[in-house]
Amino acid sequence: MDTYFHGIWRMDWGLGNPNKTAALIAILMVAVWGLVYVRRYGFWLALTLFTGLGVCLIRTFSRGGMIALFAGLLVLAWKASRPWPRKYLWAVSFSVWTMIGVSIFYEAHARYGQSLVAEDRSIGNRLLLWRQAPRMMTSAPQGWGLGTAGKNYMRWYQPVERKEEYRTLVNSHLTWLVEFGWLFRFAYLFAWPVVFLLVLPTLKRPWFIFALGVWTTFAVAAWFSSVAESPWIWIVPMGTLLTVLVTRAFDHEWPRFGQWVQAGCVSLFLVAVLFLAGRLSGGLPIQAAKHAVVLGKAPPSMWMVVNEKTMGGQYGREIRRRDEFLRRNGLGVVESVDQLPRDPGKVVVIGGDLSEAEREQVKNLLTESAGIILLNPLFSPQELGVASGQAGKIKVFFGEFAQTPVQSAWADLVPVGRIEGDSDYVSHWPERILSPST
């Protein structure tokens, strides 16, 4: 999908996302300086490629990509030979001024400086997301599931007055840490120190600095956007790492045992920081495990089988508006009847239609639960097998304009509540279901 800044197309190289393209370009801009070690005239070739790639980076208008590039270049500058010949300094100055001129021509500098002169929604939204990541981790010790970080953030953690939509946490590191459990979190946070340990330059192999610069650029770029999900971004970093590993194996030179221990300690420290940050974050208690989410008091006094056609796609936001009810009674949320725990004495809310197998399970719930609330059911009491003696355990609500033929059948058996102004999609269901009287 094409994106624009001030009417100017943001280059994406076919990756579909300018930020992913910027990450790839920034990595390449750092990697090309490795030519200094492999060719006699490597500096001039590297500078030419660096300048051309820099123009492409500017056309992505990506601030995260630019920050990642600076981080990688600082690593290279750390070990750069000094002093540079004057002709090299003049050439680099010309390259930098060329890119500055291109930035001004395309007005990219306006975007880069946006957050310095005014509140920037893009940055503010990211901070809101990232602030909730530790809390999401402690809420789900086994993880929220691959590909679900953005969806679960919107449902259970996004401020109820906000309406932005997310697929990820706009941060590759935090997205994966949220989606997987604590064992993966430790392994992931151990892998990064190990990689940096392996690519640290040695006296014998000072060119390792370029691998360190590439991985630094990659790590920083993956912090500001979910770019690491693209396999193209991994090619150069993994190539440099493989080259380093082969070289180390040839040299029989590996980090010392104490350095491996230090990497493990760093990982444990980061895990502990994330755990404590999540525990101390406050807010509504949320627990997630095995497809179920429990909000507020645990164990909950009510379980709900949600249906988006009936309750809307943002049912989580509507549920969290009933904060007082949740803290006093607790609510468990699942997406199908077979995900319900078998807890006798709990009230169960079911929205919309059920499969034939789920209806059979509901028959057992009629005897096990304290009561069942049906919201716009599309099945009759006969299909559910409701006996006359069980009718007192059932409450039924229909939207005022709901188009379902089973309303009369339910009205003959139990009192039916009407939710004014609603139809098949019931927008006001929390006001009737999540109330003290329920």
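Here's what I pulled together on the structure shown here. (Residues numbered from 1 in each chain as written. Predicted model: local features only at pLDDT ≥ 70, side-chain atom pairs only at ≥ 80, totals over all residues. Heavy atoms only, no water.)

Considerations on the packing of helix H3 (residues 42-60) against helix H5 (residues 86-105)
Okay, so step 1: Where H3 contacts H5, the axes come no closer than 9 Å and their chain directions differ by 15°. Overall, the two elements H3 and H5 adopt an arrangement that is roughly parallel. In terms of crossing hand, the pair formed by H3 and H5 is right-handed. Across the interface between the two elements, Phe43, Trp44, Leu47, Phe50, Thr51, Gly54, Val55 and Ile58 from H3 touch Lys87, Tyr88, Ala91, Val92, Ser95, Thr98, Met99, Val102 and Ser103 from H5. (Axes fitted to C-alpha atoms, helices over the stretch in contact; angles between N-to-C directions. Helix = DSSP H or I, 4+ residues; strand = E, 2+ residues; numbered from the N terminus. Parallel < 35°, antiparallel > 145°, perpendicular 65-115°, else oblique. Left-handed = near helix turned anticlockwise from the far one by under 90°. Contact = heavy atoms within 4.5 Å.)

Considering the environment of arginine 59
Okay, so step 1: By the secondary structure assignment, arginine 59 is in helix H3.
Okay, so step 2: Owing to a relative accessible area of 15%, arginine 59 belongs among the buried residues under this scheme.
Okay, so step 3: Separated by 43 residues in the primary sequence, arginine 59 and valine 102 place their C-alpha atoms 8.8 Å from one another. (Buried < 20%, exposed > 50% of the residue type's maximum accessible area, 1.4 Å probe, protein only.)

With respect to the pattern of salt bridges
Once the charged atoms of two side chains with opposite charge are near each other, the side chains can pair.
Okay, so step 1: In total, this model carries 13 salt bridges according to the counting rule given.
Okay, so step 2: Salt-bridge contacts for glutamate 229 lead to lysine 20; the nearest nitrogen and oxygen are separated by 2.9 Å. With glutamate 229 in the loop between helix H12 (208-224) and helix H13 (231-251) and lysine 20 in helix H1 (residues 18-31), the pair connects residues that are 209 residues apart, well separated along the chain.
Okay, so step 3: On the accessibility criterion, glutamate 229 (32% relative accessible area) is partly exposed.
Okay, so step 4: Exposure remark for lysine 20: the relative accessible area of 13% places this residue in the buried category.
Okay, so step 5: In this structure, a network of salt bridges that share partners links the residues Lys20, Arg167 and Glu229. (Salt bridge = Lys/Arg side-chain N within 4 Å of Asp/Glu carboxyl O.)

Some words on the nonpolar core
Okay, so step 1: Trp144, Trp156, Met304, Ile319 and Trp429 are the most contacted members of the largest nonpolar core, which totals 99 residues.
Okay, so step 2: Ranked by the residues each element gives to this core, the list is headed by H12, at 12 residues.
Okay, so step 3: Once residues within four sequence positions are removed from consideration, methionine 304 is found in contact with Met311, Ile319, Leu331, Gly332, Val333, Val334, Val349, Trp429, Ile433 and Leu434.
Okay, so step 4: Val294, Val334, Ile372 and Ile394 belong to the second-largest nonpolar core, a separate cluster that totals 25 residues. (Core = buried A, V, L, I, M, F, W, Y, C linked by side-chain atoms within 4.5 Å.)

Focus: the side chain of arginine 185
Okay, so step 1: The residue arginine 185 is located in helix H11 (residues 182-198) in this model.
Okay, so step 2: For arginine 185, which is buried and forms no salt bridge, the nearest opposite charge comes from glutamate 179, at a distance of 9.8 Å.
Okay, so step 3: Of the polar contacts made by the side chain of arginine 185, one reaches the backbone oxygen of methionine 137; its length is 3.1 Å.
Okay, so step 4: Residues contacting arginine 185, with those up to four places away along its chain left out, are Met137, Ala140, Pro141, Gly143, Leu177, Val178, Phe180 and Val271. (Lys, Arg positive; Asp, Glu negative; His and termini not counted. Polar contact = N/O pair within 3.5 Å; in protein donor to acceptor, adjacent residues only side chain to side chain.)

Here we look at the sheet that holds strand S7 (residues 347-351)
Through backbone hydrogen bonds, the strands of a sheet pair up, either in parallel or in antiparallel fashion.
Okay, so step 1: Spatial strand order, S3-S4-S6-S5-S7-S8-S9-S10: 8 strands in an open sheet with mixed pairing. Two strands bound the open sheet, and with one partner strand each, they are strand S3 (286-289) and strand S10 (416-419). Each adjacent strand pair in this sheet contributes to an overall mean axis angle of 20°, direction not counted.
Okay, so step 2: By the bridge criterion, 4 bridges tie strand S5 (residues 302-305) to strand S6 (residues 331-334) in an arrangement that is parallel. Looking at S6, one finds that valine 305 is bridged to valine 334.
Okay, so step 3: Across the sheet, helix H18 (residues 356-368) touches S7, strand S8 (371-375) and strand S9 (394-399), and the angle it forms with S8 is around 135°. (Pairing = 2+ DSSP bridges.)

Digging into unusual backbone geometry
Okay, so step 1: Residue alanine 298 is joined to proline 299 through a cis peptide bond whose omega torsion reads -5°.
Okay, so step 2: Mapping proline 299 onto the fold places it in the loop between strand S4 (292-295) and S5.
Okay, so step 3: A positive phi is found at valine 170, a non-glycine position, where the angle reads about 50°.
Okay, so step 4: Here valine 170 lies in the loop between helix H9 (149-156) and helix H10 (172-179).
Okay, so step 5: Residue classification places valine 170 among the buried residues on the basis of a relative accessible area of 17%.
Okay, so step 6: The phi torsion at asparagine 376 lies on the positive side, around 50°, for a residue other than glycine.
Okay, so step 7: Relative to the elements of secondary structure, asparagine 376 occurs in the loop between S8 and helix H19 (381-384).

By themselves, these figures tell us nothing about what the structure is for.
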